[in-house]
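# Structural features, examined
Spelled out from the first residue to the last, the chains are:
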Amino acid sequence: MYDYTAFDAAFVRARVAQFRAQVARRLDGSLTEEEFKPLRLMNGLYLQLHAYMLRVAIPYGTLNPGQMRQLAMIADRWDKGYGHFTTRQNVQFNWPRLHDVPDMLEALADVGMHAIQTSGNTIRNVTADHFAGAAADEIADPRPVAELIRQWSTDHPEFQFLPRKFKIAITGSPNDRAVTRAHDIGLRMVTRDGAPGFEVILGGGLGRTPMIGKVLRDFLPEADLLPYLEAILATYNLLGRRDNKFKARIKITVHEHGIDALRDLVEAEFPRRRAAFGGADRDWLAAIAAQFAPPAFRDADPAPYHAARDADPVFRAWTDTNVAAHRHPGYGIVSISLKAHGATPGDATAAQMRVMADLAERHGHGALRISHEQNVILPHVPLAEIPAVHAALRDAGLGTANIGLASDIIACPGMDYCSLATARSIPVAQDIAQRLDALGIEQAAGPLKIKISGCINACGHHHVGHIGILGLDRAGVENYQVTLGGDGTETAAIGTRAGPGFAADEIVPAVERLILAYLELRDGPDETFLEAYRRLGAAPFKAALYPESEPRKDRSRAA
Amino acid sequence: MSRPFTPQVVTANALVAGDVVYLTPDGHWSRHHAEAELIEDPDRAAARLAEAAAQTGTVVGAYLAEARPGPAGPMPVHFRELFRAQGPSNYPHGKQAETRDV
């Protein structure tokens, strides 16, 4: 992974010192809250419902064990002993005190981390496929390019005050695990006549106006990436709306002007930008790429892995869901579920962080990833060592066998933490997971993505959930809308609202009815929920959600 | 005809700790909703909010929140204010985990 240069380290230290002085001036009254707020947001510090929240960037979800241990130390020393991994592959600390934050940032700088541009109308943390560099289906590791974009976008003077925040995602695999079509810019690594490049997707996004991104360029040569990105950002910076926050994202710019008009403007700007680059970015990308060289994979006999699968049904069930194919023979990708039934999705205690760091060091070539689905990945584990990894994970409460299943729920912090939320999302996820566990049906139901947001900003990606749940405030009461048929992969689709919302005590039974209906409706065990939905349409699923007509009318009035 | 005035409390977040605080009848800030002043007059509500908002070295984001009388003091009306008073509902590790009732 990328190691900071002396320049990077000095830059981050300077920002910590600057913020330390800003906090001191806020505390001694030299700065008002109005003056201080934009400064703290530039350093990832929000004021939420119960406390401050520090959002720390984990670039493209990549961590080393030392960094994970430092997150654990920060959680223990300045927070409440846990961290919350987010759908942006970041980590959030929910309880810092203002005067401790400079020390927290200093501790992050000690391990090459920071919280810069995790808020504000800037280019945010670049996200990537969490299996990058390991997946069997990958064309190329997208992380060197993601790192190049991170460096280019960090403190880029032209793009510090965009009309709105800006999110870039990149995948090197045709199987899109990075939700590229729901980002402001999605980059898919492709080749043409043997030459590497990108399909550039523009104007995707979720939130109050969900949009699937449109193809801006079907092939952009790799060498042109940064000037082309700069042309897009420069175009958006001038054209994007600043009169209405809710219409300021580039998806609205694309919607209002059309993708063809945007393309014309970007292509007109592109030559000017390209002329200014001069090739330095190409040289630097090569230097970055050298730091992402694959680890020295061993040729280990996988026999112990297969023997353990044959002998232990619990281990077999866990590997069925939590181990994915690796590009190197004899290796597997281990997904560690942070979704124990009834737990808060994405939370890990400091002790669990240390266990994961130790396992990465001992069995995984020192590599850790955070997925946008709020789990942790050990991307490079010899199959022979996976039984030992599983045993250690079980001892730490991290052995849940549910990756990709219905209880592997994305949930935003919702009204348990977030000042923007209109309803809670975590308790809904907890209750659904516990109910599915009690029913014992989620293994039979197979791949099924439930995603929950506690407001229309859609941090929980509910629009692209096979079953999406949106929590709202209806006349002072929590109410939950259900969307069906969403998809965040290469066949991306925005889910369709099923009908009237459900009260808090109705939503779990409603989801249960949906899953039971699917089990009845499907062609066979190989037909997934999404496939069945696409084959049958919404009607039979709506019938399961709203089994009686009279209560339906009542709900309609209430919603 | 204007709507009848709903009783309110002044609430904010503490500047340093960030936690939820309430303005008490004697003008101090309490971490406990039940110790808040239940304001039943719109003029006094506006005046108290102005006093709170001026305390920029102590609190952030003061506002008026609806409340109602309870056996031990004012109680929240909206569920958002209930969560602010108690702490997160996913598991008790906010104010509800402390020894004193809120």
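Just so we're clear, the structure is a prediction, and the values are computed from it rather than from any experiment. One numbering rule holds for all chains: residues counted from 1, following each sequence as written. By the order in which they are written, chains take letters starting at A while ligands take numbers starting at 1. Side-chain atom pairs in this predicted model are given and counted only at pLDDT of 80 or more, local residue features only at pLDDT of at least 70, and totals for whole chains, interfaces and linings cover all residues.

## Section: the interface of chain B and chain A
- Here the contact rule is simple: place C-beta atoms from the backbone, and any two residues whose C-beta atoms are within 7 Å are in contact. The partner chain A presents 22 residues to the 22 residues of chain B that form the contact.
- The way it works is that DSSP assigns letters per residue, a run of H or I at least four long becomes a helix, a run of E at least two long becomes a strand, and they are numbered from the N terminus. For the side of chain B that touches chain A, the elements supplying multiple residues, two or more each, are β4 (59-68) and α2 (79-86) of chain B.
- Broken down by element, the side of chain B that touches chain A gets its largest block of residues, 4 residues, from α2(B).
- Grouping the amino acids of the side of chain B that touches chain A by side-chain chemistry returns 8 nonpolar, 11 polar and 3 charged. In the scheme used here, Gly and all other residues not listed as nonpolar or charged are polar, with Ala, Val, Leu, Ile, Met, Phe, Trp, Tyr, Cys and Pro taken as nonpolar and Asp, Glu, Lys and Arg as charged.

## Quick look at the sheet that holds β4(B)
All names here are of chain B.
- In spatial order, the strands read β3-β2-β1-β4-β5; together these 5 strands make up an open sheet with antiparallel pairing. For this open sheet the edge positions go to β3 (29-30) and β5 (75-76), each flanked by a neighbour on one side alone.
- Taken together, the 2 bridges between strand β2 (residues 20-23) and β3 define a ladder with antiparallel strand orientation. From the neighbouring strand, Y22 faces β3, where its bridge partner is S30.
- Angles shown run from 0 to 180 degrees and are taken between the N-to-C directions of axes, each axis being a line fitted to C-alpha atoms and, for helices, limited to the stretch in contact. Those strands touched by helix α1 (residues 42-53) are β1 (8-14), β2 and β4, and its axis lies near 155° from that of β4. Only strands joined by at least two bridges in the DSSP assignment are considered to pair.

## What about the domain arrangement of chain A?
Residues and elements named next belong to chain A.
- Annotation comment: domain bounds sourced from an automatic or database domain assignment. Each domain of chain A was delimited in the assignment, giving domain 1 (6-110), domain 2 (142-290), domain 3 (303-395) and domain 4 (410-558).
- On a C-alpha basis, the centroid separation for the pair domain 2 and domain 4 is 32 Å.
- Taken together, the contact between domain 2 and domain 4 spans 11 residues of the former and 11 residues of the latter.
- Tallied by class, residues from the side of domain 2 that touches domain 4 come to 6 nonpolar, 2 polar and 3 charged.

## A word on the packing of helix α5 (residues 143-153) of chain A against helix α9 (residues 280-290) of chain A
All names here are of chain A.
- Interhelical geometry of α5 versus α9 gives an angle of 130° and a closest axis separation of 9 Å. Overall, the two elements α5 and α9 adopt an arrangement that is oblique. By crossing handedness, the relation of α5 to α9 is classed as right-handed. Here P144, E147 and L148 of α5 come into contact with α9, specifically with D281, W284, L285, I288 and A289.
- In terms of residue class, the contact of α5 with α9 is made up of 6 nonpolar, no polar and 2 charged. Roughly parallel covers angles under 35 degrees, roughly antiparallel covers those over 145, roughly perpendicular covers 65 to 115, and oblique covers all other angles. Take the far helix as your reference; a near helix turned counterclockwise from it by less than a right angle gives a left-handed crossing, and one turned clockwise gives a right-handed crossing.

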